Amino acid sequence: MTLTVMQFLLILDSSILGVALPAIQDALGLPSDQAAWVYNAYMLSYGGCLLIGGRLADLTGPVRMLRIGMVLFAAASLAGGVAPGSGTLVSARAVQGIAAALVAPAVIAVLTDLFPDGDAEAKSRRNRAFGSIGAVSAVGGSAGFFLGGALTGLWGWRSVFLFNVPVALALALACWRIPATERRTGGLRTLPWFEATALTTAVTVAVYVLLTIGTAQFYSWHTLALAGLAIVLVVAARRFRSGEPLIPPGLLSDRGIRSADLVCLLVNVVSGPTILVVSLYMQRVLAYSPMEAGLAIVAITMAITASSLLASRLIGRLGLRRMTMTGLIVWACGLLWLSRIDLGSYVMEILGPTLVIGFGSGLVFVAFTVTATVGAPAGETGAAGGLMNTSQQIGASVGAAVVVAIAEAVSRRADGSWETVLTSGYSNALLVLLIPLAGAAMAARGMPAGQGGIR
């Protein structure tokens with residue numbers, strides 16, 4: 001339970017400011033570019049540090065990383081809640097992201113120790129445990145919009161940060177009840193610092209480019225130079241590394257894990273941005289308040305929860321590959337329905353399609369989480385968790401950039417009232433998100449047909 005709540009909190013904080021940003025901007029008098037970095041700083045440091053966080057969990061012990069990470073997360077949240085200006089606020093969000101990058105891979109590693117491989121019943125228990133992580137990963141993004149709207153509406157934007165403090169401290173204390181097991185590091189004796197620094201910088205630069213691509217020309221010298229820097233850093237990390245690699249070769253050569261991470265990346269291009277579009281549509285076009293927009297998104301959270309609970313039981317019957325394909329088909333149908341928004345009723349244009357999307361996405365998130373983690377060799381589970389979470393963050397960053405760019409481009413070319421113009425932009429952005437879902441379906445063919453398990 002403790003580990004599930006930790007994962008939920010980390011994903012929650014990646015989206016909880018989505019509804020609160022306008023209130024933060026007004027309260028602190030921030031221009032739009034600075035306000036965006038209050039949101040982006042978390043995504044940048046979280047996505048950039050996950051690989052090194054995963055290997056630190058393997059090297060020093062995942063329980064230790066859980067304790068350090070949650071205390072750091074609580075401290076950063078407190079700093080954000082009392083921040084007098086944008087500089088402190090952005091810095092606090094960045095530290096939150098670093099703390100999250102220490103915790104997320106460690107959660108996967110600890111689960112592996114708590115639910116060892118064994119007979120069919122043991123494998124079923126392990127799949128349910130890892131399935132719960134996939135479930136809260138799917139639920140956390142949509143729940144963040146709801147909770148952020150509710151807290152902002154009731155107690156103001158600072159409560160969005162202060163809410164984390166007692167929760168994170170309680171989780172840090174709960175970590176002392178988790179037995180600290182001896183780590184099997186798969187031959188890793190010390191962290192390869194050059195490779196770790198180069199890859200962490202490369203991923204951070206890549207996420208930065210994706211987060212800012214909506215405010216800069218895609219072919220600008222700034223964008224191209226940073227993209228080139230990321231490529232050079234990756235090449236340098238591989239060329240000049242010594243000793244054991246930061247990313248174990250076995251993880252990248254395993255077809256099932258590789259396919260699951262690709263599915264993870266592609267569906268996260270769709271997941272968070274879909275909720276973002278729905279939230280913007282309700283607030284900018286339908287004139288919903290932050291509280292009303294948050295409440296309206298509760299339906300998708302409930303659908304994902306129900307679907308995830310069902311998915312943990314369906315793995316043994318359908319297998320991971322078939323369950324993934326089923327979820328993607330249902331998800332695509334819901335997304336196609338949602339793309340038909342046209343200033344109509346909430347029930348038919350938002351509630352109905354988001355329930356379908358939530359049901360399909362719950363199946364997919366559970367399936368790729370189980371595949372990407374339970375197949376990792378002993379001593380590499382932290383790295384496997386870091387790789388999966390990195391895929392998730394990069395996918396979300398790509399999706400946000402794509403949605404914003406398409407919605408703005410279509411809106412500029414559309415005719416009619418401002419409501420019609422915005423709606424046209426959002427509708428077309430949702431249609432484009434069907435493409436990564438199709439890519440995820442192709443990638444899912446490499447996932448195991450059965451229910452997975454440790455090799």
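Residues numbered from 1 in each chain as written. Predicted model: local features only at pLDDT ≥ 70, side-chain atom pairs only at ≥ 80, totals over all residues. Heavy atoms only, no water.

A. Broad picture of the overall build of the chain. Helix and strand counts for the chain come out as 19 helices and zero strands. Going through the 455 residues of the chain one by one, you find that 56% of them count as buried. Considering only intrachain contacts with a sequence separation of at least 6, the fraction spanning at least 24 residues in the chain is 85%. (Helix = DSSP H or I, 4+ residues; strand = E, 2+ residues; numbered from the N terminus. Buried < 20%, exposed > 50% of the residue type's maximum accessible area, 1.4 Å probe, protein only. Contact = heavy atoms within 4.5 Å.)

B. Representation of the side chain of Ser45. Looking at where Ser45 falls in the secondary structure, it is placed in helix H3 (residues 32-60). Within the structure, the side chain of Ser45 is placed 3.1 Å from the backbone oxygen of Ala41, a separation counted as a polar contact. In terms of polar contacts, Ser45 uses its side chain to reach the backbone carbonyl oxygen of Tyr42, at 3.5 Å. In this structure Ser45 touches Arg93, Ala94, Gly97, Ile98 and Ala101, once residues within four positions along its chain are discounted. (Polar contact = N/O pair within 3.5 Å; in protein donor to acceptor, adjacent residues only side chain to side chain.)

C. Representation of the confidence of the model for the chain within the structure. Considering every residue of the chain, the mean pLDDT works out to 81; 88% of them sit at 70 or more. Mean pLDDT values over the elements of the chain span from 73, in helix H11 (residues 249-253), up to 95, in helix H19 (residues 434-443). (pLDDT = per-residue confidence, 0-100.)

D. Representation of the nonpolar core. Among the nonpolar cores identified, the biggest contains 114 residues, and Met6, Tyr46, Leu66, Val263, Val267, Trp331 and Phe368 are the most heavily contacted of them. At 13 residues, helix H12 (residues 255-285) tops the list of elements feeding residues into this core. Counting residues in hydrophobic clusters, the runner-up holds 14 residues, among them Val207, Ile247, Leu251 and Leu387. (Core = buried A, V, L, I, M, F, W, Y, C linked by side-chain atoms within 4.5 Å.)

E. Inspection of a positive patch on the surface at higher detail. A cluster of basic residues, Arg255, Arg258, Arg321 and Arg445, forms a positive patch on the protein surface. Taking the relative accessible area as the measure of exposure, Arg255 reaches 52% and is therefore exposed. (Patch = residues over 30% accessible without salt bridge, like charges linked within 9 Å, V, L, I, M, F, W, Y side chains within 5 Å. Areas by Shrake-Rupley, 256 points an atom, 1.4 Å probe, with all protein chains shown as cover. Salt bridge = Lys/Arg side-chain N within 4 Å of Asp/Glu carboxyl O. Lys, Arg positive; Asp, Glu negative; His and termini not counted. Charge placed at Lys NZ, Arg CZ, Asp CG, Glu CD.)

F. Structural view of the pattern of salt bridges. One pass over the full model with this rule turns up one salt bridge. Where Asp13 meets Arg93, a salt bridge forms, and the shortest distance between an N and an O atom there is 3.9 Å. Of this pair, Asp13 sits in helix H1 (residues 2-15) while Arg93 sits in helix H5 (residues 86-114), and the two are 80 residues apart along the sequence. The burial state of Asp13 is the same as that of Arg93; both residues are buried.

G. Region of the structure containing the packing of H1 against helix H8 (residues 164-174). Two numbers describe how H1 lies on H8: the axes approach to 10 Å, and their chain directions differ by 150 degrees. The orientation of H1 with respect to H8, classified from their angle, is roughly antiparallel. In this structure, H1 crosses over H8, and the sense of that crossing is left-handed. From H1, Thr2, Val5, Met6, Leu9 and Asp13 reach across to H8, where they touch Asn164, Val167, Ala168, Leu171 and Ala174. (Axes fitted to C-alpha atoms, helices over the stretch in contact; angles between N-to-C directions. Parallel < 35°, antiparallel > 145°, perpendicular 65-115°, else oblique. Left-handed = near helix turned anticlockwise from the far one by under 90°.)

H. Representation of the packing of aromatic side chains. If you walk through the whole model with that rule in mind, you get four aromatic pairs. Relative to Phe161, the ring of Trp157 has its centre 6.2 Å away and its plane inclined at 85 degrees; by these criteria the two rings are edge-to-face. Residue Trp157 is classed as buried on the basis of its relative accessible area of 7%. Residue classification places Phe161 among the buried residues on the basis of a relative accessible area of 1%. On the numbers, 5.0 Å between centres and 50 degrees between planes, the contact of Phe365 with Phe368 is tilted. Placement of the pair is Phe365 and Phe368 together in helix H16 (residues 346-374), with a separation of three residues, close to one helical turn. (Phe/Tyr/Trp six-rings, centres within 6.5 Å; stacked < 30°, edge-to-face > 60°.)

I. Seen up close, the packing of H5 against helix H17 (residues 381-413). Between H5 and H17, the shortest axis-to-axis distance is 7 Å and the interhelical angle comes to 135 degrees. Here H17 runs oblique to H5, going by the angle between their axes. As for the relative orientation of H5 and H17, their crossing is right-handed in sense. Only Thr381, Gly382, Gly385, Gly386, Met388 and Asn389 of H17 make contact with H5, whose side of the interface consists of Ala104, Pro105, Ile108, Ala109 and Thr112. Each residue belonging to the contact of H5 with H17 can be placed in one class, and the counts come to five nonpolar, six polar and no charged. (Nonpolar A, V, L, I, M, F, W, Y, C, P; charged D, E, K, R; others polar.)

J. Structural detail: the environment of Ala409. Position of Ala409 among the secondary structure elements: in helix H17. With 20 residues separating them along the chain, Ala409 and Ala429 place their C-alpha atoms 9.7 Å apart.

K. Examining the environment of Gly319 more closely. Relative to the helices and strands, Gly319 is located in the loop between helix H14 (298-318) and helix H15 (320-338). C-alpha of Gly319 to C-alpha of Gly450: the two residues are 131 residues apart in sequence and 4.3 Å apart in space. Among all residues touching Gly319, those that are not within four sequence positions of it are Leu314, Ala449 and Gly450.

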